[in-house]
Amino acid sequence: LVSRDVKEDNTVVRFANGATIGSEELAVVAGPCAIENHKQAFAIAEHVAKSGVRFFRGGAYKPRTSPYSFQGLGEEGLKIMAEIRDQFGLLIVTEAVDNESLDQVEKYADVIQIGARNMQNFSLLKRAGRARKPVLLKRGMSATLEEFLMAAEYVMSEGNYNVVLCERGVRTFSDYTRNTLDLSVVPAVHRLSHLPILVDPSHGTGVRSKVTPLSRASVAVGADGLIVEVHNEPDRALSDGKQSLYLEQFDELMTQVRQIAPVV
Ligand code: PEP
Ligand code: MN
């Protein structure tokens, strides 16, 4: 089902407010790693909405390396994002980490994110395949392209054809960045599949100063859009502060990206 041999024309995911993922225009998803509180989330959402972005990201269920790190606000975080949708007209992209959280995310969000760590959680993929919302599927940090596409196949095989892929960096021996962003998969995905693919230069590099240059590169290589972490106070962020852009840096990113391609 993922294959270009089965469906020649590009899949375009369409939303009620007219936004799209996979069209000629770039889809940019921006927001904090995690929803921390009402004030933080609203400050960031207001800013990214003004910059013309249509999609807001924020984690309510966070897959953290340490069980003692902030795990997210859960349903309270989802409720804050639902308010953000109402107030700013932004579409909400947020992660589900298991079948229970997926039930909740499906109720509140516009796009269900499956994170890198769950790319081969086949029961979660099948559950996402039965959901009525589009799925943003992130590449596992050691997944081959074949494994990545087969994970999308799991979702589609259950009947959900609105799947958006996302390259977010893979593990290599290089420790200069958090992960090594594999931009070569973008044209490879476009050749093999009709599904759209976004790039996440935030998790892909783990370093704030690398996010804007790698965003330009992602767009230049043909990505259908970007997912970027932005924070009003990155130095106080409860997760991924080092890779989160300051609000003004995000505006600069958008200015630069718009010089390469139009944004939805
Ligand atoms: C995220 O987008 O918040 C996230 C945890 O990303 P990944 O699954 O790519 O690590
Ligand atoms: Mn993050």
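By the naming in an unreviewed UniProt entry, the chain goes by 3-deoxy-D-arabinoheptulosonate-7-phosphate synthase and is assigned to Koribacter versatilis.

**Topic: the sheet that holds strand 4 (residues 55-57)**
Spatially, 3-4-5-6-7-8-9-10 is the arrangement adopted by the eight strands of the closed barrel, whose pairing is parallel. Going from strand to strand, the sheet's axes swing by 25° on average, the running direction of each strand aside. With four bridges connecting them, strand 7 (residues 135-138) and strand 8 (residues 163-167) associate as parallel partners. By the bridge assignment, L137 is partnered in strand 8 with L165.

**Some remarks on the environment of D182**
Within the fold, D182 resides in the loop between strand 8 and helix 6 (185-192). In this structure D182 comes out as partly exposed when scored by C-beta crowding, with 17 C-beta atoms within 10 Å. Counting along the chain gives 139 residues from D182 to A43, while the straight-line C-alpha distance between them is 32 Å. In contact with D182, other than residues within four places in its own chain, are E167, G169 and V170.

**A look at helix 6**
For an α-helix, the turn length of 3.6 residues means that residues three or four places apart are oriented alike. By the burial criterion, the buried members of helix 6 are V185, V186 and V189. The arc that holds every buried residue of helix 6, seen down its axis, measures 105°, which confines them to one face.

**Section: the packing of helix 8 (residues 208-220) against helix 9 (residues 247-260)**
Packing of helix 8 against helix 9 brings their axes to within 10 Å, and their N-to-C directions diverge by 25°. Classified by the angle between their axes, helix 8 and helix 9 sit roughly parallel to one another. Handedness of the crossing formed by helix 8 with helix 9: right-handed. Touching T212, S215, R216, V219 and A220 of helix 8 are Q249, E252, L253, Q256, V257 and I260, all from helix 9.

**Some words on the confidence of the model for the chain**
Taken over all residues, the pLDDT of the chain has a mean of 98, while the share at 70 or more is 100%. Here the prediction assigns the complex a pTM of 0.98, and the interface score ipTM is 0.99.

**As for the pairing of strand 6 (residues 111-114)**
Residues V111 and Q113 of strand 6 are buried on one face, and the alternating residues I112 and I114, pointing to the opposite face, are buried as well. As for the winding sense of the linkage, the β-α-β connection from strand 5 (residues 91-95) through helix 3 (residues 99-108) to strand 6 is right-handed. Across three bridges, strand 6 lies against strand 7 in parallel orientation. The partner of I114 across the bridge, within strand 7, is L137. One crossover worth recording links strand 6 to the parallel strand 7 by way of helix 4 (residues 122-129), and it is right-handed.

**Details of helix 1 (residues 38-50)**
Taking 1.5 Å of rise per residue, the 13 residues of helix 1 would be expected to cover 18 Å, and the 18 Å separating its terminal C-alpha atoms lies within 8% of that figure. Among the residues making up helix 1, those that are buried are Q40, A41, I44, A45 and V48. Here the buried residues of helix 1 occupy an arc of 120° about the axis, which is enough to place them on one side. In this structure, helix 1 carries K39 and K50 as exposed residues pointing more than 90 degrees from its buried face. Of the surrounding secondary structure, the elements contacted by the buried residues of helix 1 are strand 3 (27-31), strand 4, helix 2 (75-88) and helix 9. Following helix 1 by one or two positions, G52 has its phi on the positive side, about 95°.

The rules we used
Residues numbered from 1 in each chain as written. Chains lettered and ligands numbered in written order. Predicted model: local features only at pLDDT ≥ 70, side-chain atom pairs only at ≥ 80, totals over all residues. Pairing = 2+ DSSP bridges. Helix = DSSP H or I, 4+ residues; strand = E, 2+ residues; numbered from the N terminus. Axes fitted to C-alpha atoms, helices over the stretch in contact; angles between N-to-C directions. Buried ≥ 20, exposed ≤ 12 C-beta atoms within 10 Å, placed from the backbone. Contact = placed C-beta atoms within 7 Å. Arc of directions from axis to C-beta. Parallel < 35°, antiparallel > 145°, perpendicular 65-115°, else oblique. Left-handed = near helix turned anticlockwise from the far one by under 90°. pLDDT = per-residue confidence, 0-100. Right-handed = clockwise from strand over helix to strand, strands pointing away. Expected span 1.5 Å × (residues − 1).

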